[in-house]
Amino acid sequence: MTIAEQPVQTRTLGFVQAINDALDIALETDERVFALGEDIQEPGGGGFGVFKGLGKKYGTQRIRHTPISEQAIMGAAIGAAISGLRPVPEIMLMNFTHVCMDQLVNHAAKLRYMSGGRTPVPITVRTATGAGGGFGAQHSDMLEAQLVHAAGLKVVVPSNPADAKGLLLSSIFDDDPVVFVEMFGLYFASRGEVPVGDHRVPLGKAAIARPGSDVTILTYGRQVVDCLAVAEQLATEGIDVEVVDLRTLQPLDIETVLASVAKTKRAVVVHEAVRRNGFGAELAATIHSELFGELAGPVARVTAPNTPVPYAKSLEQAYIPGPPQIEAAVRGLL
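Here the structure is a predicted model, which is why all the values come from computation and not from measurement.

Visitor: Sorry, what's going on with the overall build of the protein here?
Guide: Across its full length, the protein carries 13 helices and 14 strands. Against the globule reference of 20 Å for 334 residues, the protein gives a C-alpha radius of gyration of 20 Å, in line with a compact fold. Projected onto the principal axes, the alpha-carbon positions of the protein cover approximately 55 × 55 × 45 Å. For the protein, buried positions account for 55% of its 334 residues.

Visitor: Help me out: how do you make sense of the UniProt feature "domain: Transketolase-like pyrimidine-binding" (unreviewed entry) in the protein in this one?
Guide: When the UniProt feature table is mapped to this numbering, "domain: Transketolase-like pyrimidine-binding" (unreviewed entry) covers residues 13–189. Measuring from the first to the last C-alpha atom of residues 13–189 gives 11 Å, for a span that is 38% helix and 19% strand.

Visitor: I would appreciate a short explanation of the sheet that holds strand 12 (residues 248–250) in the present structure.
Guide: By way of backbone hydrogen bonds, the strands of a sheet pair with one another, either parallel or antiparallel. A sheet is described by the order of its strands in space; here seven strands give the open sequence 3-2-4-5-7-6-12, paired in mixed fashion. Lying at the two open borders of the sheet, with one neighbouring strand each, are strand 3 (63–65) and strand 12. The sheet shows a mean angle of 20° between the axes of neighbouring strands, taken without regard to direction. Pairing between strand 5 (residues 124–129) and strand 7 (residues 178–183): six bridges, direction parallel. Of the residues in strand 7, the one forming a bridge with Val-125 is Val-179. Across the sheet, helix 7 (residues 161–172) lies against strand 2 (33–37), strand 4 (86–93), strand 5, strand 6 (154–156), strand 7 and strand 12, angled at about 160° from strand 7, the strand it touches most.

Visitor: Is there a simple way to explain the packing of helix 10 (residues 254–264) against helix 11 (residues 279–291) in this structure?
Guide: When two helices pack together, their arrangement is given by the angle between the helix axes and the distance between those axes. Following both chains from N to C, one finds helix 10 and helix 11 inclined at 60°, their axes separated by 11 Å at the closest point. Here helix 11 runs oblique to helix 10, going by the angle between their axes. Crossing handedness for the pair helix 10 and helix 11: right-handed. Contacts between helix 10 and helix 11 pair Ile-254, Val-257, Leu-258, Val-261 and Ala-262 from the former with Leu-283, Thr-286, Ile-287, Glu-290 and Leu-291 from the latter.

Visitor: Sorry, what's going on with the nonpolar core here?
Guide: One broad rule of soluble globular proteins: the nonpolar side chains tend to lie buried together. Leu-23, Leu-104, Ile-123 and Ile-287 are the most contacted members of the largest nonpolar core, which totals 81 residues. Broken down by element, the residue count for this core peaks at eight residues, all from helix 1 (residues 15–29). In terms of domain composition, this core takes at least three residues from each of domain 1 (13–195) and domain 2 (207–332). Each residue touching Ile-123, except ones within four places of it in the same chain, is listed here: Met-74, Ala-77, Ile-78, Ala-81, Pro-87, Pro-89, Ala-108, Asp-176, Pro-177 and Val-178. Ala-231, Ile-239, Val-270 and Ile-326 belong to the second-largest nonpolar core, a separate cluster that totals 17 residues.

Visitor: Can you help me understand unusual backbone geometry in this one?
Guide: Leaving glycine aside, a negative phi is the common case for residues, and trans is the common case for peptide bonds. Here the amide bond leading from Glu-42 into Pro-43 is cis, since omega sits at 10°, within 30 degrees of zero. Note on placement: Pro-43 falls in the loop between strand 2 and helix 2 (54–58). Omega for the peptide link from Gln-250 to Pro-251 comes to 0°, which places this bond in the cis form. A positive phi angle is found at Asp-39, which is not glycine, with a value near 60°. Of note in this structure, Asn-277 is not a glycine but carries a positive phi near 60°. Locating Asn-277 in the fold gives a position in the loop between strand 13 (267–274) and helix 11. We classify Asn-277 as exposed; its relative accessible area is 66%.

Visitor: What is the right way to read the packing of aromatic side chains from this model?
Guide: Where two aromatic rings form a pair, the distance of their centres and the angle of their planes describe that pair. The full count for this structure, using the stated rule, is seven aromatic pairs. Look at Phe-48 and Phe-184: their rings are 5.4 Å apart centre to centre, the planes differ by 45°, and that puts the pair in the tilted class. With Phe-48 in the loop between strand 2 and helix 2 and Phe-184 in helix 8 (residues 184–187), the pair connects residues that are 136 residues apart, well separated along the chain. The exposure class of Phe-184 is buried, given its relative accessible area of 10%. Seen from their ring centres, Tyr-220 and Phe-279 are 6.0 Å apart, and the 85° between their planes marks the pair as edge-to-face. Here the residue Tyr-220 occupies a position in the loop between strand 10 (215–219) and helix 9 (223–235), and Phe-279 occupies one in helix 11, the gap between them amounting to 59 residues.

Visitor: Please clarify how the side chain of Glu-272 should be interpreted in this entry.
Guide: One can find Glu-272 in strand 13. A relative accessible area of 4% means that Glu-272 is categorised as buried. A polar contact of 3.2 Å, which involves the side chain of Glu-272, links it to the side chain of Gln-223. Contacts of Glu-272, omitting those with residues within four sequence positions, involve Gly-130, Ala-131, Met-142, Met-183, Arg-222, Gln-223, Ala-304, Tyr-319, Ile-320 and Pro-321.

Cut-off values and rules
- Residues numbered from 1 in each chain as written.
- Predicted model: local features only at pLDDT ≥ 70, side-chain atom pairs only at ≥ 80, totals over all residues.
- Heavy atoms only, no water.
- Helix = DSSP H or I, 4+ residues; strand = E, 2+ residues; numbered from the N terminus.
- Rg over C-alpha atoms; globule rule 2.2 N^0.38 Å.
- Buried < 20%, exposed > 50% of the residue type's maximum accessible area, 1.4 Å probe, protein only.
- UniProt positions renumbered as here; feature names shortened; annotations may be inferred.
- Pairing = 2+ DSSP bridges.
- Axes fitted to C-alpha atoms, helices over the stretch in contact; angles between N-to-C directions.
- Contact = heavy atoms within 4.5 Å.
- Parallel < 35°, antiparallel > 145°, perpendicular 65-115°, else oblique.
- Left-handed = near helix turned anticlockwise from the far one by under 90°.
- Core = buried A, V, L, I, M, F, W, Y, C linked by side-chain atoms within 4.5 Å.
- Domains from an automatic or database assignment.
- Phe/Tyr/Trp six-rings, centres within 6.5 Å; stacked < 30°, edge-to-face > 60°.
- Polar contact = N/O pair within 3.5 Å; in protein donor to acceptor, adjacent residues only side chain to side chain.

And the structure:
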């Protein structure tokens, strides 16, 4: 057996452990990498334990505790990036990116373009969000559409531990600013086999999470889990659903998207963000523009309703687009 044919060594990790592993490898690989954020030093290692053990291993200069100031965190990260470092700032909750949106959108996203390519800004902004945890309306929004709309940012939303590790490492060593979105619903529920060592997943490349021939579901993040469950259930009735995990929203792997939909002639876009002006609207518009004459029906969207995330558990569960809505959309196209 040649080296190329040898199986990849893996170990079973949870989502948080996989991110911790990626950060550990990045910090060990390149001394220019450092992290900064609120409460990320020991003993807690951050609000969700992502940095557990790393503060002790790498010290306070490379795992830097900051005040509760998103503007300061982002501003310091941008300054460090344009001076040659590779900062990994943590904005603890995605809603709080609004607090530092000027630094992120007007500076990090635009400096390379405005300098004619001479000033890269290699920062990876980690942030967490998602409904289902009872965190309330100000702590649970999916805001990926706003970030994709900002020219110059890359936006990544992993759905499983292996991709979380591989995409985070690729993001950290990318020369453009990346917003890396981690969904609460995956933090402690998702486990899987993760390659050992410096495992990287290229940005801008979607994954066929499940091949199929009747309908394409296009999704990302936690909703990939629900879509796969629906696909397996429908398979018992002879309905063959292809699930495409986009993984990276910008750059978007439009070739894989169009190839899949051209094959099945039907598409359902699923995301947790609200429906109005969501990322699914852009995706649907692109599919209709490129494949209008080949589609067997209009692109369907399964999303959250146009309302803030509720706090009451029963309302929050009703808010999240889940398997019943996904299944209904698939059946509607058929």
